[in-house]
Amino acid sequence: MKRFLLHLLKVFVGFIAVIYLLDYAFTAGYVNSKPRNKIALAYTGKPQDYDVIFLGSSRANNHFVPQLFIDKGYSAYNFGMSGSRLEESALLLELLLAKGTKIKNLVVEVDLNINSNGFSEGTRAYFYPYLKESVQIRDYYKNIEDFDQLYYLPFYRYLKYDAKIGSRELFFTIAERPSKSLQRHGFYPLKGEGKNMKYDLSKYSPKRNTAYERIKKICRENNIRLIAVTTPMCENVKNAAYFEDVVKLYPEVHNFEAVVTSDDYFSSCGHMNEKGATIFTQFLLDKFFQ
C-alpha cells in the first residue's frame, strides 16, 4: 500500500511538473516569437513613432485605410480588432504606450461599441499569454471573475481558450505563419456589395462607457490628440437617431454615420467595402489632417 501511495505521489508530482513546463513553454513561445496579431504587436513588437493610429471594433478594422495617410507622409497603423469592445481598445493603447511607442493622433471608433460596458471574451483571450508577464494586463484584469484561476493555475488559460491561444495558434505563431490581421498596416478590406442591407438599432442605447473615458484620460496624460468618430452605415438602417444620441452623451464625438450611404460602398449594412472605406478615410484625412 505504501508503495502504491508513493507511486501516486510521483505521478501527481510529475503531472504538476508537466503542466508548469507547458505553461512556461507556451508563454515563452508567444513572448519570443514574431507578432501574429495586433495584441502581440502591441506587447512584443518594437516601439514605433506613429503620427496616427486607429482603434475600435470591426467598424474600425474594416473602415480605416492607413495607406492613404502613409501616402501623404504620415506614419499610420490600424489597431482595430474585429469583435472587440472599447475595453480591449483601451488596454491595447496602454500596452503600446508602456512599450515606448509614441502616438500623436488617435482616431477611435465610438458608435455601436459604446452601447454597453461589456467586453469581448474572444478578443480578451489574446491578451492572456502575457498575463503573467505584463503589469498592465494583470492590473487590468485583476478584478474579473476568474482571474485567480487564469493567473495562478498553470496552463489553465491555454486549456480554457484553446481555440484562441492553444497549441494550433502557438504552432502558427512559432512557425511565423502569415496573419491577415497584420497585412496592409492593420486594415482588413471587405469585398462585395449590398449583402444584408438592413440593420435595426432600435434596441441600442449609448451609455456612459468606462473604457472610452479611460481612453480619453490616457490621451490627456500623454498629449495625444483624440479624434472620436462614428462610422457609416447603409441608408436602410432603422433608428439612425442612435448616432445623434451618442453625440448627446459625448459631445466631442464626430458623427460621420451618413458620410457614405450608397449601397455600392457597403459589404453589409454595418460594414463598408474597400471602396467605401477608402472614401471615408480620405474624408477623415481631408477634415483633420490638412
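Residues numbered from 1 in each chain as written. Predicted model: local features only at pLDDT ≥ 70, side-chain atom pairs only at ≥ 80, totals over all residues. Heavy atoms only, no water.

With an unreviewed UniProt entry as reference, the protein chain is termed SGNH/GDSL hydrolase family protein, source organism Flavobacterium lindanitolerans.

A.B. asks: So what exactly am I meant to see when it comes to the sheet that holds strand E7 (residues 254-255) here?
C.D. replies: An order of E2-E1-E3-E5-E7 is seen for the 5 strands of this open sheet, with the pairing classed as parallel. The two strands at the open ends of the sheet, each matched to only one other strand, are strand E2 (76-78) and E7. As judged from the 2 bridges shared by strand E5 (residues 225-230) and E7, these two strands associate in the parallel manner. By the bridge assignment for E7, Val229 is matched with His254. Across the face of the sheet, helix H5 (residues 86-99) comes into contact with strand E1 (49-55) and strand E3 (102-109) while running at roughly 175° to E3. (Pairing = 2+ DSSP bridges. Helix = DSSP H or I, 4+ residues; strand = E, 2+ residues; numbered from the N terminus. Contact = heavy atoms within 4.5 Å. Axes fitted to C-alpha atoms, helices over the stretch in contact; angles between N-to-C directions.)

A.B. asks: Looking at this structure, I do not really get the packing of aromatic side chains. What am I missing?
C.D. replies: The relative placement of two aromatic rings is captured by the distance of their centres and the angle of their planes. For the coordinates displayed, the defined rule picks out 29 aromatic pairs. Arranged with centres 5.4 Å apart and planes meeting at 70°, the rings of Phe54 and Phe69 form a pair that is edge-to-face. Of this pair, Phe54 sits in strand E1 while Phe69 sits in helix H4 (residues 66-71), and the two are 15 residues apart along the sequence. Grouping residues by exposure puts Phe54 and Phe69 together as buried. Judged by centre distance (6.1 Å) and plane angle (55°), the ring pair of Phe256 and Phe288 falls under tilted. Residue Phe256 is located in the loop between E7 and strand E8 (266-268), and its partner Phe288 is located in helix H14 (residues 274-288); the two are separated by 32 residues in the primary sequence. Taking the relative accessible area as the measure of exposure, Phe288 reaches 14% and is therefore buried. For the cation-ring pair, Lys99 lies above Tyr43, with the distance from its terminal atom to the ring centre recorded as 5.6 Å. (Phe/Tyr/Trp six-rings, centres within 6.5 Å; stacked < 30°, edge-to-face > 60°. Buried < 20%, exposed > 50% of the residue type's maximum accessible area, 1.4 Å probe, protein only. Lys NZ or Arg CZ within 6 Å of the ring centre and 35° of its normal.)

A.B. asks: Which parts of the structure should I look at to understand helix H12 (residues 210-221)?
C.D. replies: A turn of α-helix holds 3.6 residues, and therefore any two residues three or four places apart point the same way. Between its terminal C-alpha atoms H12 stretches 16 Å, which fits the 16 Å expected from 12 residues at 1.5 Å a residue. Here H12 has its buried residues at Ala211, Tyr212, Ile215, Lys216, Ile218 and Cys219. Taken end-on, H12 shows its buried residues confined to a sector of 160°, consistent with a single buried face. Those residues of H12 that are exposed and aimed more than 90 degrees away from the buried face are Thr210, Arg220 and Glu221. Buried-residue contacts for H12 involve H5, E3 and E5. The N-terminus of H12 is capped by Asn209, whose side-chain oxygen sits 3.0 Å from the backbone nitrogen of Ala211. (Expected span 1.5 Å × (residues − 1). Arc of directions from axis to C-beta. Polar contact = N/O pair within 3.5 Å; in protein donor to acceptor, adjacent residues only side chain to side chain.)

A.B. asks: What is the right way to read the packing of H5 against H12 from this model?
C.D. replies: To describe two helices that pack against each other, one gives the angle between their axes and the distance between the axes. Contact geometry for H5 and H12: axes closest at 8 Å, N-to-C directions at 25°. One way to sum up the angle between H5 and H12 is to call them roughly parallel. You can see that H5 and H12 cross each other, and the crossing is left-handed. Where H5 abuts H12, its residues Leu86, Glu87, Ser89, Ala90, Leu93, Glu94 and Leu97 lie against Ala211, Tyr212, Arg214, Ile215, Ile218 and Cys219. (Parallel < 35°, antiparallel > 145°, perpendicular 65-115°, else oblique. Left-handed = near helix turned anticlockwise from the far one by under 90°.)

A.B. asks: Sorry if this is basic, but what is going on with the pattern of salt bridges here?
C.D. replies: Side chains bearing opposite charge may pair, as long as their charged atoms lie close to each other. Under the counting rule described, the total for this entry stands at 14 salt bridges. The shortest N-O distance in the salt bridge between Glu94 and Arg214 comes to 2.7 Å. In this pair, Glu94 sits in helix H5 while Arg214 sits in helix H12, placing the two residues 120 residues apart along the sequence. Overall, the relative accessible area of 15% leaves Glu94 in the buried class. Close ionic contact of Arg208 with Glu213 constitutes a salt bridge, the shortest N to O distance being 3.1 Å. Given the relative accessible area of 47%, Arg208 is considered partly exposed. Taken together, the salt bridges that share partners define one network made up of Asp23, Lys132 and Arg157. (Salt bridge = Lys/Arg side-chain N within 4 Å of Asp/Glu carboxyl O.)

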